[in-house]
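Examining the three-dimensional arrangement
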Amino acid sequence: MSKKDEARLPAGRQGHIHPISSLIREANQIFGRMGFTFAQGPLLESEWYNFDALNVPKDHPARDMQDTFFIKDEPGYVLRTHTSPVQVRYMEEQIKSGNPPPYRVIVPGKVFRNEATDMTHEAEFYQLEGLAVGEDITLANLKGTIERFLRELFKGANVEVRFRPSFFPFVEPGVEVDMRIVGDNVPEKLKDRWIEMMGAGMVHPSVLKNAGVDPSKYQGFAFGVGLDRIALLRWGIDDIRLMHSADLRFINQF
Amino acid sequence: MKISREWLEKYFDSPLPEAQKIADALTFHAFEIESVEGDILDVKVTPNRGHDCLSHRGLAKEISAILDIPIKSDPIRQSVSLEPKTDQAKITIADGKLCPRFTGAVIKGVKVAPSPEWLKKSLEAVGQKSINNIVDATNFVMLDIGQPLHAFDIGKLKQEKGIALHIRLAKSGEKLMGLDDKEYELKPSMLVIDDANTGTVASIAGIKGGKPTGIDETTIDVFLEAANWDGVTIRKASQTLKLRTDASDRFQQVISSELAAYGTTIAAKLITELAGGEAVGYVDEYPSPQSPWTVEVTAGKVNKVLGTSLSTDDIANAFTRLALPFEEIKGVFTVSVPFERLDLTIPEDLIEEVGRIVGYDKITSVELSPFPKKPEINVDFNAAEKMRKELMAKGYSEVYTSVFAEKGERAVANKVGGEKPYLRTTLVDGLKEALERNSRNKDLLGLKEVKIFEIGTVWKGGKEKILVGTADSKGASEKELSASASDSYDQYPTSTLERYEPFSKYPFIVRDIAMWVPAGTHPDEVIKTIFDSAGKTCRFIELFDKFEKDRKISFAFHIVFQSYEKTLTDEEANAAMEKVYAAVKKEGWEVR
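Residues numbered from 1 in each chain as written. Chains lettered and ligands numbered in written order. Predicted model: local features only at pLDDT ≥ 70, side-chain atom pairs only at ≥ 80, totals over all residues.

1. What to know about the overall build of chain A
- Regarding its fold elements, chain A presents 7 helices and 9 strands.
- For chain A, the C-alpha radius of gyration of 19 Å lies close to 18 Å, the compact-globule estimate for 254 residues.
- Its C-alpha atoms give chain A principal-axis dimensions of about 60 × 45 × 35 Å.
- Per-residue burial over chain A gives 54% buried out of 254 residues.
- Considering only contacts within chain A whose residues lie at least 6 apart along the sequence, 69% involve residues at least 24 apart. (Helix = DSSP H or I, 4+ residues; strand = E, 2+ residues; numbered from the N terminus. Rg over C-alpha atoms; globule rule 2.2 N^0.38 Å. Buried ≥ 20, exposed ≤ 12 C-beta atoms within 10 Å, placed from the backbone. Contact = placed C-beta atoms within 7 Å.)

2. Describing the overall build of chain B
- On a plain count of helices and strands, chain B comes out with 16 helices and 27 strands.
- Radius of gyration (C-alpha) of chain B: 36 Å, far over the 25 Å computed for a compact globule of 592 residues.
- Oriented by its inertia axes, the alpha-carbon framework of chain B measures out at about 120 × 60 × 55 Å.
- A buried classification covers 43% of the 592 residues belonging to chain B.
- Of the contacts formed within chain B by residues at least 6 apart in sequence, a portion of 69% connects residues at least 24 apart.

3. A short note on the environment of D472 of chain B
Residues and elements named next belong to chain B.
- Along the polypeptide, D472 turns up in strand β22 (residues 463–472).
- A count of 18 C-beta atoms within 10 Å places D472 in the partly exposed class.
- Residues D472 and L431 lie 41 residues apart in sequence; the distance between their C-alpha atoms is 9.2 Å.
- Not counting residues up to four positions away in its chain, the partners in contact with D472 are E449 and K451.

4. Points about the packing of helix α10 (residues 312–321) of chain B against helix α11 (residues 347–358) of chain B
All names here are of chain B.
- The N-to-C vectors of α10 and α11 enclose an angle of 90 degrees; their axes lie 9 Å apart at closest approach. Our classification of the angle between α10 and α11 gives roughly perpendicular. Residues D314, I315, A318 and R321 of α10 pack against E353, V354, I357 and V358 of α11.
- For the contact of α10 with α11, a count of residues per class yields 5 nonpolar, no polar and 3 charged. (Axes fitted to C-alpha atoms, helices over the stretch in contact; angles between N-to-C directions. Parallel < 35°, antiparallel > 145°, perpendicular 65-115°, else oblique. Nonpolar A, V, L, I, M, F, W, Y, C, P; charged D, E, K, R; others polar.)

5. Looking at the interface of chain B and chain A
- Of the residues lining the interface, 92 residues belong to chain B; the matching set on chain A comes to 85 residues.
- If one sorts the elements of the side of chain B that touches chain A by residue count, helix α12 (residues 379–393) of chain B sits on top with 7 residues.
- Taken together, the residues of the side of chain B that touches chain A sort by class into 45 nonpolar, 24 polar and 23 charged.

6. Focus on the environment of L139 of chain A
- Relative to the assigned elements, L139 of chain A resides in helix α4 (residues 139–153).
- In sequence terms L139 of chain A and M179 of chain A are 40 residues apart; their C-alpha atoms lie 16 Å from each other.
- If we ignore the near neighbours within four places in the chain, the residues touching L139 of chain A are P173, M202 and F221 of chain A together with V305, L306, G307, G355 and I363 of chain B.

7. Here's the deal with α4 of chain A
All names here are of chain A.
- With 15 residues, α4 extends 21 Å from end C-alpha to end C-alpha; this agrees with the ideal 21 Å at 1.5 Å per step.
- When we look at burial in α4, the residues that qualify are L139, N141, L142, K143, G144, T145, I146, F149 and L150.
- Where α4 terminates, the next one or two residues include K155, which has phi positive at roughly 55 degrees. (Expected span 1.5 Å × (residues − 1).)

8. Digging into the sheet that holds strand β7 (residues 171–182) of chain A
Residue and element names in this part refer to chain A.
- Here 7 strands make up an open sheet; going across it, the order is β1-β4-β5-β9-β8-β7-β6 and the pairing mixed. Lying at the two open borders of the sheet, with one neighbouring strand each, are β1 (37–38) and β6 (158–166).
- Note that strand β8 (residues 195–203) and strand β9 (residues 219–226) share 5 bridges and pair antiparallel. Its bridge partner being in β9, G199 is matched across the sheet by G224. (Pairing = 2+ DSSP bridges.)

9. Side note on the sheet that holds strand β5 (residues 101–108) of chain B
Residue and element names in this part refer to chain B.
- Spatial ordering of the open sheet is given by β6-β13-β5-β14, a layout of 4 strands whose pairing is antiparallel. The sheet is open, and its two edges are formed by β6 (150–153) and β14 (278–285), each paired on a single side. Strand-to-strand, the axes of this sheet are offset by a mean angle of 20 degrees, without reference to chain direction.
- In this structure, β6 lies alongside strand β13 (residues 222–228), joined through 4 bridges in antiparallel fashion. From the neighbouring strand, A151 faces β13, where its bridge partner is L224.
- Helix α8 (residues 258–275) contacts β5, β13 and β14 of the sheet and is inclined by roughly 155 degrees relative to β13.

10. What to know about the domain arrangement of chain B
- Here the domain parsing of chain B yields domain 1 (2–73), domain 2 (89–285), domain 3 (294–362), domain 4 (379–480) and domain 5 (509–591).
- When each unit is reduced to the centre of its C-alpha atoms, the spacing between domain 1 of chain B and domain 5 of chain B is 67 Å. (Domains from an automatic or database assignment.)

11. Notes on the nonpolar core
- Membership of the largest hydrophobic core comes to 171 residues, with the highest contact counts inside it found for V177 and F221 of chain A together with I452 of chain B.
- Examining the composition of this core, we find that 6 residues originate from one element, strand β4 (residues 103–112) of chain A, more than from any other.
- Within the second largest apolar cluster, 71 residues are counted, among which are I134, I163, A170 and V254 of chain B. (Core = buried A, V, L, I, M, F, W, Y, C linked by C-beta atoms within 7 Å.)

12. Quick word on the confidence of the model for chain A
- For chain A, mean pLDDT is 90; residues scoring 70 or higher make up 95% of the total.
- Note on residues 1–11 of chain A: pLDDT is under 50 here. Beyond four places in sequence and across chains, it has 16 contacts. (pLDDT = per-residue confidence, 0-100.)

13. Observations regarding the environment of P187 of chain A
- Relative to the helices and strands, P187 of chain A resides in the loop between β7 and β8.
- C-beta crowding within 10 Å serves as the criterion here: with 14 such atoms nearby, P187 of chain A is assigned to the partly exposed category.
- Spatially, the C-alpha atoms of P187 of chain A and S21 of chain A are 22 Å apart, while their sequence positions differ by 166 residues.
- Leaving out residues up to four positions away in the same chain, P187 of chain A has contacts with G236 of chain A together with R499 of chain B.

14. Focus: unusual backbone geometry
- The linkage connecting P101 of chain A with the following residue, P102 of chain A, adopts the cis geometry, with an omega of 15 degrees.
- The residue P102 of chain A is located in the loop between α3 (85–96) and β4 in this model.
- Put simply, E172 of chain A and P173 of chain A share a cis peptide bond, and its omega is -10 degrees.
- The phi dihedral of D68 of chain B is positive, around 55 degrees, even though this residue is not glycine.
- As for its placement among the helices and strands, D68 of chain B is situated in the loop between α3 (56–67) and β4 (89–93).

15. Focus on α3 of chain B
Residue and element names in this part refer to chain B.
- Between its first and last C-alpha atoms α3 spans 16 Å; for 12 residues at 1.5 Å apiece the expected length is 16 Å, and the two agree.
- With respect to burial, α3 is a largely interior element, 11 of its 12 residues being buried.
- After α3 finishes, the residue D68 shows a positive phi value of roughly 55 degrees.

16. A few points about the packing of helix α2 (residues 19–29) of chain B against α3 of chain B
Residues and elements named next belong to chain B.
- Between α2 and α3, the shortest axis-to-axis distance is 10 Å and the interhelical angle comes to 85 degrees. Relative to α3, α2 is oriented roughly perpendicular. Along its contact with α2, which presents I22, A25, L26 and H29, the element α3 presents E62, I63, I66 and L67.
- Residue classes in the contact of α2 with α3 are distributed as 6 nonpolar, 1 polar and 1 charged.

17. Focus: the confidence of the model for chain B
- Predicted confidence across chain B gives a mean pLDDT of 95, with 100% of residues reaching 70 or more.
- Overall fold confidence for the complex sits at a pTM of 0.91, while the interface term, ipTM, reaches 0.92.

18. Focus: the pairing of strand β16 (residues 326–329) of chain B
Residues and elements named next belong to chain B.
- Pairing of β16 with strand β17 (residues 332–336) involves 4 bridges; the strand directions are antiparallel. Each residue of the ladder has a partner; that of E328, found in β17, is F333.
- As consecutive antiparallel partners, β16 and β17 are separated by 2 residues, and within that stretch K330 has a phi angle of approximately 50 degrees, a positive value.

And the structure:
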């Protein structure tokens with residue numbers, strides 16, 4: 001008899017947490033131990049922060065990489081397509097308050113893509129941005145940080161991380177990050193398979209400059225990982241649309 | 001871009017490895033591969049490399065660098081000459097910023113015919129239709145070196161002292177029948193090539209040629225065009241016309257003006273080889289010449305960014321493999337960037353070149369050193385976490401609902417499908433709807449009452465706010481999440497679920513059973529008996545009533561039946577209940 005055929009005991013009186021909230025909580029704990037601060041920004045964002053400040057100029061083919069929701073009768077505003085605008089917002093705020101780098105921030109939050117939805121695509125989903133800026137932050141640190149995050153998230157499993165070259169206008173060099181979990185106690189779907197996890201790279205000097213940080217003195221890494229995707233992999237969820245279904249047959253398992 | 005292994009091989013002296021090996025090499029050192037089918041690779045060229053890699057030549061160079069095998073000869077490193085000039089074609093350019101260069105050749109006396117087999121095969125292998133030897137030659141050169149070309153039938157252009165082409169923006173109301181037999185209405189933001197002797201549009205610059213001046217079997221003299229166009233103008237025109245072509249894809253990513261001369265000479269040579277005739281002369285209007293440039297990077301900076309300890313030799317080797325000419329003096333590399341590599345402008349660009357050619361697998365992970373400052377506490381997140389704890393303790397489960405609504409103050413302008421374009425002003429509507437849906441599953445969920453909450457964003461009164469909303473049998477309400485300062489976050493528990501189990505989408509049936517059992521009987525014992533006898537559609541058993549009388553206990557249970565395969569019938573539930581009654585009786589318990 002498989003587990004799903006077992007009758008479940010009545011739920012206790014305690015309510016249940018949404019899996020994404022649980023992941024954000026856990027990510028904040030893991031990154032908190034590495035010195036990262038939790039930051040946030042608006043969902044309805046200006047094109048400046050969402051694109052221009054991130055080195056994605058107007059009318060550039062790179063803007064096609066994301067399908068954007070524009071706001072009616074408010075030219076220059078969009079629903080943010082990624083959590084990266086908060087990189088610039090955070091650094092700008094720190095510089096204005098007289099706090100030079102080093103910075104370490106994570107930005108978990110909702111992002112939007114104007115796409116038709118299916119089992120693996122949602123117009124609304126969650127990303128977690130990471131940013132570390134200092135005098136000596138390297139691509140090797142990016143690898144080390146992502147490895148530690150995934151290792152702790154997958155409960156000490158043997159997680160391997162690899163980089164592939166890629167392009168995102170706000171990083172240079174830019175990489176795609178794959179993950180592989182090896183070992184015995186790993187769900188079949190994840191075991192020994194390379195899985196694309198996130199885009200990342202070294203913060204483009206123009207982005208630092210746009211935020212008021214001196215790129216000749218400071219450098220850093222940034223990454224953006226899909227939380228829905230992590231949830232799907234981690235718990236074997238078969239349909240991303242469950243996240244916004246508000247269906248307790250789903251939620252109350254967590 | 002689709003590339004063929006056979007086509008690539010003409011760049012090398014020795015055979016290339018099999019297609020999958022080439023795919024792996026590109027994947028880990030250059031570009032993602034969409035697919036490998038036989039000897040054809042579909043390469044996802046990133047927007048920063050549209051300048052040079054939307055071509056077999058560009059990708060052959062990449063493979064040469066990655067696999068460290070030299071290429072035989074690079075067609076765009078040869079000397080190129082657009083001589084002799086001809087006075088049989090006169091080119092004028094209204095705005096040199098929009099058309100930095102216009103080159104061309106007058107080719108006389110061709111014979112239009114089907115292409116030879118090798119050319120047909122080459123084009124068809126990468127998904128291009130063969131049309132005739134002239135058009136195929138232009139497409140072949142584009143796919144080979146990345147320069148889009150266009151061929152006009154000189155006989156269909158008006159000739160005075162030869163032909164005259166004028167590069168200008170379109171006028172309102174101008175139309176053109178394209179080579180694809182579709183009529184395009186042009187806007188003043190679009191660039192056109194105009195037959196200056198008649199003042200009519202002959203082609204939509206950089207996007208599509210015109211049918212009336214196109215090549216057909218009657219063509220004898222050809223004007224071959226290889227120009228350079230402003231990327232933004234081409235991009236906007238292509239978007240407005242909803243017309244993406246291989247040419248517009250390349251121009252919108254911006255290619256070097258220097259490439260045009262190679263396009264013209266290589267294509268003119270190929271055309272005369274395939275179709276006979278003679279290139280009698282060339283034109284070259286170059287109002288905005290591209291200047292050479294250099295980029296400098298130090299070995300120290302390369303290692304500081306990558307976190308590596310590469311030697312100057314390692315770095316020099318990467319540049320050599322990429323055929324990037326450089327000088328190195330005491331660890332300072334000055335790279336003279338080849339004209340087509342418009343992506344290389346800052347030191348970081350060179351660092352990426354070194355990193356990917358050396359291989360990112362050579363970068364050893366290093367954890368960050370301890371952070372010298374204490375992380376700040378986000379007051380909103382802290383407040384949200386406290387709110388979650390409080391509400392969950394009261395039995396509320398957390399839901400997320402969509403921010404899109406049927407009404408609101410602000411709306412998105414371009415939603416796919418167009419439904420619910422507004423941004424919500426309240427959480428209450430979504431919560432009420434979710435409450436209603438979940439209430440139908442109350443028994444299945446084993447809940448006496450469904451209670452849900454959401455912490456989410458709304459747009460109200462011109463502001464973006466975070467609200468916390470709840471819904472239960474008493475109704476739904478919401479309030480603003482009030483910030484909560486703290487020195488540190490409380491360590492709240494995270495979900496301990498290991499694997500999610502998909503739930504059945506079919507309706508469920510609830511049956512009740514009540515019975516007397518001897519005092520001291522634990523309900524779990526009864527639940528086990530019921531479960532073991534009720535069959536595999538028994539989803540859930542819940543004790544809902546219990547009282548004691550005369551040393552006996554009365555238990556009452558809800559039993560929930562549901563199948564993963566179909567809608568259960570009453571008969572099937574009854575049959576399962578019969579088995580439960582029998583099992584209960586066998587235990588000596590008395591069904592009431």
